[in-house]
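If you want the building blocks of each chain, they are given just below.
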Amino acid sequence: MSTVELTAENFDQTVTDNDFVLIDFWASWCGPCRQFAPVFEKASEKHGDIAFTKVDTEDQQQLAAAFNIRSIPTLAVIRDRTLIYSQPGALPEAALEDVIRQAREVDMDKVREAAAAEQAKQA
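Owing to the predicted nature of the structure, the values given are computational and were not obtained by experimental measurement.

### Some remarks on the sheet that holds strand 1 (residues 4–5)
- Strands sit in the order 1-3-2-4-5 across an open sheet of 5 strands; the sheet is mixed. Across the chains shown, the open sheet's two edge strands, defined by having one partner strand only, are strand 1 and strand 5 (82–88).
- One ladder, built from 2 bridges, connects strand 1 with strand 3 (residues 51–56); its direction is parallel. By the bridge assignment for strand 3, Val 4 is matched with Thr 53.

### Side note on the packing of helix 2 (residues 31–46) against helix 4 (residues 93–105)
- Running from N to C, helix 2 and helix 4 cross one another at 45°; their axes reach a closest spacing of 10 Å. In terms of axis orientation, helix 2 runs oblique to helix 4. Handedness of the crossing formed by helix 2 with helix 4: right-handed. In contact with Phe 36, Val 39, Phe 40, Lys 42, Ala 43 and Lys 46 of helix 2, helix 4 contributes Glu 93, Leu 96, Glu 97 and Ile 100.
- In terms of residue class, the contact of helix 2 with helix 4 is made up of 6 nonpolar, no polar and 4 charged.

### What to know about helix 2
- Ala 37 marks the point of greatest bend in helix 2, at about 30°, and the proline Pro 38 comes within the next four residues.
- Taken as a whole, helix 2 has its buried residues at Cys 33, Phe 36, Val 39, Phe 40, Ala 43 and Ser 44.
- Among the structural elements, strand 2 (20–26), strand 3, strand 4 (74–79) and helix 4 are those in contact with the buried residues of helix 2.

### Looking at the pairing of strand 4
- Within strand 4, 6 of the 6 residues are buried, which leaves it mostly tucked inside the rest of the structure.
- The two faces of strand 4 match: Thr 74, Ala 76 and Ile 78 on one face and Leu 75, Val 77 and Arg 79 on the other face are all buried.
- With 6 bridges joining them, strand 2 and strand 4 adopt antiparallel strand pairing. From the neighbouring strand, Phe 20 faces strand 4, where its bridge partner is Arg 79.
- Sheet topology places strand 4 next to strand 5; 6 bridges connect them, and they run antiparallel. Opposite Ala 76, over in strand 5, you have Ser 86 as the bridge partner.
- In textbook terms, the turn of a hairpin is the stretch between consecutive antiparallel strands, and for strand 4 and strand 5 this stretch comprises 2 residues, one of which, Asp 80, has a positive phi near 50°.

### A word on helix 4
- Between its first and last C-alpha atoms helix 4 spans 19 Å; for 13 residues at 1.5 Å apiece the expected length is 18 Å, and the two agree.
- Close packing links the buried residues of helix 4 with strand 2, helix 2, strand 3, strand 4 and strand 5.

### A closer look at the environment of Asp 80
- Within the fold, Asp 80 resides in the loop between strand 4 and strand 5.
- In the structure, Asp 80 is positioned 11 residues away from Ile 69 in sequence and 21 Å away in space, judged by C-alpha atoms.
- Looking at Asp 80, its side chain comes within polar contact range of the side chain of Arg 112, at 3.2 Å.

Definitions and cut-offs
- Residues numbered from 1 in each chain as written.
- Predicted model: local features only at pLDDT ≥ 70, side-chain atom pairs only at ≥ 80, totals over all residues.
- Heavy atoms only, no water.
- Pairing = 2+ DSSP bridges.
- Helix = DSSP H or I, 4+ residues; strand = E, 2+ residues; numbered from the N terminus.
- Axes fitted to C-alpha atoms, helices over the stretch in contact; angles between N-to-C directions.
- Parallel < 35°, antiparallel > 145°, perpendicular 65-115°, else oblique.
- Left-handed = near helix turned anticlockwise from the far one by under 90°.
- Contact = heavy atoms within 4.5 Å.
- Nonpolar A, V, L, I, M, F, W, Y, C, P; charged D, E, K, R; others polar.
- Bend = angle between axes of the 7 residues up to and from the residue.
- Buried < 20%, exposed > 50% of the residue type's maximum accessible area, 1.4 Å probe, protein only.
- Expected span 1.5 Å × (residues − 1).
- Polar contact = N/O pair within 3.5 Å; in protein donor to acceptor, adjacent residues only side chain to side chain.

Put into structure tokens, the structure is as follows:
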């Protein structure tokens, strides 16, 4: 599966339709972003069950702000409509594969329980 351009217009639909979404926040002027792009694209071809998406932070400033992006590239991982990872920095292939492996291993039932407990505390 190749990468998909993520925008404010297709964000909700993309996250709703896919249980596992990787987001590469990038900009055309960013050297590390350009270095990371082929690594991200290669991983997208190996993991057909994951939606690999890209957000052009220059074009989609509102979406970048919603994720509190301060440095690019930033990789974010969403599983079951829940953000479970967000970290700036261009990753080498092995590190990206490790992030994907760890994200697959996350027990989403425990994540939902923790989120519900946190909401209950704030209510």
